[in-house]
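# Breakdown of the fold
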Amino acid sequence: QVQLVESGGGLVQAGGSLRLSCAASGRTFSNYAMGWFRQAPGKEREFVAAISWTGGNTYYADSVKGRFTISRDNAKNTVYLQMNSLKPEDTAVYYCAAKLGWYREVGDTGYNYWGQGTQVTVSS
């Protein structure tokens, strides 16, 4: 089992920045690829970014490429999502997720463990 707890969400104006954190506990964190997803009201959960277990490889949804950065610190069992140039359409609940194997997974069914989510609201 892997337990994931997100933090860092909040209310920010358009153009602003936030950094989300996801703290992991349980099984060896460095064995898992990690992903960030988001779900806006009335919409399906969508892929945002993923990172390999070493942190050496990353992958982004086109909608966030160039604005968001995923990173991880295996010594701290934490994955981050730095979000810059935020837009109102980035408003959603953001979830982190963990999976074994190949990191470049955009489908949420490919992930084994999920956090409870953190709300990000971007005002215009």
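Above this note sits the structure.
As a starting point, this report considers the structure included with it. (Residues numbered from 1 in each chain as written. Predicted model: local features only at pLDDT ≥ 70, side-chain atom pairs only at ≥ 80, totals over all residues. Heavy atoms only, no water.)

Looking now at the packing of aromatic side chains. This structure, assessed with the given rule, holds eight aromatic pairs. Measuring from centroid to centroid gives 5.7 Å for Phe37 and Phe47, while their planes differ by 80°, and the two rings are edge-to-face. Here Phe37, found in strand 4 (residues 33-39), pairs with Phe47, found in strand 5 (residues 46-51); they are 10 residues apart in sequence, far enough to count as distant. When sorted by exposure, Phe37 lands in the same class as Phe47, which is buried. An aromatic cluster of three or more residues is present, and its members are Phe37, Phe47, Tyr59, Tyr95, Tyr111 and Trp114. Across the ring face of Phe29, the terminal group of Arg72 is positioned such that the distance to the ring centre comes to 4.4 Å. (Phe/Tyr/Trp six-rings, centres within 6.5 Å; stacked < 30°, edge-to-face > 60°. Helix = DSSP H or I, 4+ residues; strand = E, 2+ residues; numbered from the N terminus. Buried < 20%, exposed > 50% of the residue type's maximum accessible area, 1.4 Å probe, protein only. Lys NZ or Arg CZ within 6 Å of the ring centre and 35° of its normal.)

The sheet built from four strands is open, its strands ordered 1-3-8-7 with antiparallel pairing. Each edge of the open sheet carries a strand with a single partner, namely strand 1 (2-7) and strand 7 (68-73). Looking at each pair of strands side by side, their axes are set apart by 15° on average, direction ignored. Bridge count for strand 7 against strand 8 (residues 78-83) is six bridges, and the pairing is antiparallel. Note that in strand 8 the partner of Arg72 across the bridge is Val79. (Pairing = 2+ DSSP bridges. Axes fitted to C-alpha atoms, helices over the stretch in contact; angles between N-to-C directions.)

Using the criterion set out here, one finds one disulfide in the structure. Each disulfide pairs two cysteine sulfurs, and for Cys22 the partner residue is Cys96, the sulfurs being separated by 1.9 Å. Linking Cys22 and Cys96, the disulfide has an S-S dihedral of approximately 50° and is accordingly described as right-handed. Pair noted here: Cys22 is in strand 3 (residues 18-26) and Cys96 is in strand 9 (residues 92-99), with a separation of 74 residues, a long-range link. Of the two residues, Cys22 and Cys96, both sit in the buried class. (Disulfide = S-S within 2.5 Å.)

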